[in-house]
Each structure stands twice: as C-alpha cells, then as structure tokens.
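# Structural overview
Listed below, chain by chain, are the residues.
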Amino acid sequence: MTARIIDGKALAKKLRESYKQRVSRLAENNVTPGLAVILVGENPASQVYVRNKIKACEECGVLSREHVLPADVSQTEVLALISRLNEDPTIHGILVQLPLPAHIDNRAVLEAISVHKDVDGFHLYNVGGLVVGNTVFPPCTPYGVQLLLETTGIDVAGKNACVIGASNIVGKPMALMLLQKEATVTICHIKTQELAQHTIIADILVVAAGKPNLIVPQMVKTGAVVIDVGINRLPDGRVVGDVDFEGVREKASWITPVPGGVGPMTVTMLIENTLRSAEMFQGKGEGINSFE
Ligand code: NAD
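Okay, so let's go over this structure. In this text the structure is predicted, and so the values were computed from the model without any measurement. (Residues numbered from 1 in each chain as written. Predicted model: local features only at pLDDT ≥ 70, side-chain atom pairs only at ≥ 80, totals over all residues. Heavy atoms only, no water.)

## A few points about the sheet that holds strand β4 (residues 93-96)
Here three strands make up an open sheet; going across it, the order is β3-β2-β4 and the pairing parallel. Bordering the open sheet on either side are β3 (63-69) and β4, each of which pairs with just one other strand. Within the sheet, the average angular offset between the axes of one strand and its neighbour, ignoring direction, is 15°. With four bridges joining them, strand β2 (residues 34-40) and β4 adopt parallel strand pairing. Its bridge partner being in β4, Ile-38 is matched across the sheet by Val-96. Packing of helix α2 (residues 44-60) onto the sheet brings it into contact with β2, β3 and β4, and relative to β2 it is tilted by some 170°. (Pairing = 2+ DSSP bridges. Helix = DSSP H or I, 4+ residues; strand = E, 2+ residues; numbered from the N terminus. Axes fitted to C-alpha atoms, helices over the stretch in contact; angles between N-to-C directions. Contact = heavy atoms within 4.5 Å.)

Right, here's the structure in full:
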C-alpha cells in the first residue's frame with residue numbers, strides 16, 4: 001500500500017482564498033479584521049514564525065500589527081501592552097509568540113489576553129472550553145490537523161487514535177479534539193514505555209514530539225492515517241518531521257508530508273480564528289453568546 005498524501009499546502013491555499021469573501025463581508029460593515037502579534041526578544045525561529053503569520057494576514061486582507069519588544073522588557077510592560085490591545089476596537093486577535101524569556105511568566109501573560117481575542121486558544125477559558133467540547137478558538141495546530149483529517153473522509157469516531165506528544169499547544173488539545181470526535185485516544189510522551197505497542201494499534205497516528213525518525217514503518221498499523229506535526233531542521237539544512245516519511249508511506253493509507261502538511265494549516269487557522277473573532281465583534285458570527 002502506498003499512502004495518499006494529505007496536501008496541507010493545497011488545503012491552506014483553498015481556505016485562504018475563501019477568507020477573502022469573509023473579509024469583504026466584514027468590510028461591508030466597516031470592520032477590518034485585525035491581529036496584533038507580540039514578539040519579545042530576538043529568537044530567530046520566532047522571528048520566522050511571526051513573519052509567516054504577518055505574510056498570511058496580508059494575503060487574506062487581515063490587518064496585522066507587530067509589536068517587537070526587547071528581551072529584557074518587564075512583565076509589567078508586556079501586560080500593559082496586552083491591556084491596551086484588549087481595549088483596542090481595531091484589534092480582534094492578540095497573539096503572543098512563544099517562548100517568552102525566562103523572567104516572564106507565560107501563564108500570567110496568556111491569561112491577560114481577553115478571551116474575546118484569544119485567537120491562539122491558549123487562555124484557560126478556551127482550554128476549558130476544549131475540555132467540555134465547546135471552545136470558541138481552537139488552538140491552531142490541532143485545529144489544522146482536524147481539518148486535514150476531515151479531507152480524508154475517514155470518520156474518527158470509534159477509531160483508535162494515538163497522539164505522540166503531550167504539550168499544551170499541540171499534544172493535549174489534539175487528544176481532546178479527537179476525543180470530542182469520539183475516537184479512543186491514547187496520549188504518549190517522553191516517559192511512555194514501549195511506544196510501538198501504542199502506535200501499532202492506532203488507526204490514526206498524530207506525531208508531535210520533535211524527534212526525526214521517531215516513527216518507523218514497523219510501528220505503524222497497515223492502513224493507518226499518519227499526521228506528522230514535527231518540524232526538525234537537520235544539520236544538512238533539510239527540514240523533516242518526526243516520521244520516516246518514505247518508509248511509512250508504504251504502510252499508511254494517508255500521510256502528511258513535512259514541509260507542506262500541518263505547517264501551512266497552523267498559520268491558516270490563526271487567520272480563521274481572527275476572522276471568527278471579527279465576525280463575533282460585528283455581532284454576526286457564531287458563538288457570540290459563548291462569552292456571556
Ligand atoms: P514540546 O517539546 O513542547 O513537546 C514535545 C512532546 O513530545 C512532549 O510531550 C514530550 O514528552 C514528547 N516526546 C518527546 N520525545 C519523545 C519520544 N522520544 N517519545 C515519545 N514522546 C516524546 O513540543 P511541541 O511544541 O508540542 O511541538 C512538537 C513538535 O511539533 C516540534 O517538532 C515542533 O516544532 C512541532 N510543531 C509544529 C507545528 C506546525 O505547525 N507544524 C506547530 C507546533 C509545533
């Protein structure tokens with residue numbers, strides 16, 4: 001069996017095209033969707049991510065405003081900026097690029113973002129919403145994976161799903177989303193023993209560990225759907241995921257490539273959440289009562 005490719009780049013492109021219509025509809029009501037991006041320090045990877053997000057905003061007609069703060073900025077100053085953005089009616093989404101410098105308390109910063117503008121979905125309100133199956137802003141990476149899974153036409157209900165990685169931004173929310181769709185979910189992490197025993201029974205395998213070649217064909221059930229979230233830069237400059245793509249594609253039914261799989265969807269879901277926030281702001285989007 002050779003797996004069919006789940007083309008994240010193509011799906012992201014299609015979605016971004018469709019967003020132009022939503023932006024036009026908002027414009028009819030004099031609303032321009034606005035995203036504020038806060039970058040603290042000069043982490044090169046963060047700079048690239050922020051640049052990609054801003055580029056995606058431009059492409060879709062979303063206004064973006066970048067706030068670059070020095071690495072030694074105080075937590076008080078970051079919180080003051082968030083407070084101003086919370087009150088700014090031209091801003092519908094606020095994103096704080098992680099990681100933050102060690103002297104800043106991540107949680108305090110994420111909790112300061114208005115739940116109405118939490119387009120990354122990291123505020124405890126949205127995390128709680130995810131737990132009870134009623135989130136307004138699903139976190140972007142697992143949200144993107146969910147849409148990629150939908151394109152396969154495979155119903156995840158009743159399937160064995162295995163998520164490798166238990167981070168707050170990918171693994172845990174991913175597992176909750178799959179559970180919400182009635183999959184039987186196993187979460188594996190660095191302390192999991194005999195990883196292969198869990199992966200081999202998975203009909204749906206989502207890998208988000210950040211370890212190249214963690215998943216090899218012997219660990220994959222024949223016909224499984226394999227989603228590779230990992231992004232790893234090898235010493236030779238190549239970017240690969242966590243899955244041995246060439247090997248596993250001979251065993252899986254569907255597989256995402258890296259690059260061109262989950263990555264483009266993550267940024268796209270950020271735009272989706274920002275548009276949804278702007279639509280709620282103008283009082284016409286779904287979930288307007290969710291915050292009451
Ligand atoms: P993280 O470091 O916060 O978490 C990694 C998780 O993987 C942890 O729970 C850890 O216990 C687990 N893990 C690590 N090694 C393991 C092993 N050998 N066996 C089993 N579990 C193991 O990372 P993260 O932020 O969740 O990101 C994970 C990967 O996904 C990274 O490569 C990151 O670059 C990538 N990522 C990609 C996107 C995207 O848009 N494609 C978005 C976010 C993260």
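## Notes on the sheet that holds strand β7 (residues 204-207)
Sheet strands line up and pair through hydrogen bonds in the backbone, either parallel or antiparallel. With parallel pairing, the six strands of this open sheet are ordered in space as β1-β11-β8-β7-β5-β6. Edge positions in the open sheet fall to β1 (4-5) and β6 (184-188), since each of these has one partner strand only. As judged from the four bridges shared by strand β5 (residues 160-164) and β7, these two strands associate in the parallel manner. Across the sheet, Ile-164 pairs through a bridge with Val-207, a residue of β7. Across the sheet, helix α7 (residues 171-180) lies against β5, β6 and β7, angled at about 170° from β5, the strand it touches most.

## Regarding the nonpolar core
Leu-178, Val-206 and Ile-227 are the most contacted members of the largest nonpolar core, which totals 53 residues. No other element matches the nine residues that helix α10 (residues 262-281) contributes to this core. Taken domain by domain, the makeup of this core includes at least three residues from each of domain 1 (32-116) and domain 2 (140-263). When sequence neighbours within four positions are dropped, the list of residues in contact with Val-206 reads Val-145, Cys-162, Val-163, Ile-164, Met-174, Leu-178, Ile-227 and Val-229. Leu-69, Leu-81, Leu-85 and Ile-94 belong to the second largest nonpolar core, which has 18 residues in total. (Core = buried A, V, L, I, M, F, W, Y, C linked by side-chain atoms within 4.5 Å. Buried < 20%, exposed > 50% of the residue type's maximum accessible area, 1.4 Å probe, protein only. Domains from an automatic or database assignment.)

## Re a nonpolar patch on the surface
On the surface, a nonpolar cluster with roughly 360 Å² of combined accessible area is contributed by Leu-124, Val-127, Val-131 and Val-132. Note on placement: Leu-124 falls in helix α5 (residues 124-131). (Patch = residues over 30% accessible without salt bridge, like charges linked within 9 Å, V, L, I, M, F, W, Y side chains within 5 Å. Areas by Shrake-Rupley, 256 points an atom, 1.4 Å probe, with all protein chains shown as cover. Salt bridge = Lys/Arg side-chain N within 4 Å of Asp/Glu carboxyl O.)

## As for α10
For α10, spanning 20 residues, the distance from its first C-alpha to its last is 29 Å, which sits close to the expected 28 Å at 1.5 Å a residue. Within α10, 17 of the 20 residues are buried, leaving the element largely enclosed by the surrounding structure. Looking at the residues trailing α10, positive phi occurs at Gly-283, about 85°. (Expected span 1.5 Å × (residues − 1).)

## What about the packing of helix α1 (residues 8-28) against α2?
Contact geometry of α1 with α2 gives a least axis separation of 9 Å together with a crossing angle of 60°. The angle between α1 and α2 places the two elements in the oblique class. Each of Arg-16, Tyr-19, Lys-20 and Val-23 in α1 lies in contact with α2, whose residues at this interface are Ala-56, Glu-59 and Cys-60. Across the contact of α1 with α2, the residue classes tally to four nonpolar, no polar and three charged. (Parallel < 35°, antiparallel > 145°, perpendicular 65-115°, else oblique. Nonpolar A, V, L, I, M, F, W, Y, C, P; charged D, E, K, R; others polar.)

## A look at the layout of surface pockets
Roughly 1600 Å³ of volume is contained in the largest pocket. Lining the largest pocket are 48 residues, and of these Tyr-49, Ile-231, Gly-263, Thr-266 and Val-267 lie nearest its centre. Mapped by element, the contributors of at least two residues to the lining of the largest pocket are α1, α2, β4, α6 (140-151), β9 (232-233) and α10. Among the elements that line the lining of the largest pocket, the one with the most residues is α2, at nine residues. A class-by-class count of the residues in the lining of the largest pocket yields 26 nonpolar, 13 polar and nine charged. Shared between two domains, the lining of the largest pocket holds at least three residues of each, these being domain 1 (32-116) and domain 2 (140-263). (1 Å grid on protein atoms, 1.4 Å probe; cavity = no way out; pocket = protein on both sides within 12 Å on 5 of 7 lines; lining within 4 Å. Points joined across faces, edges and corners; volume = space filled by probe spheres on them.)

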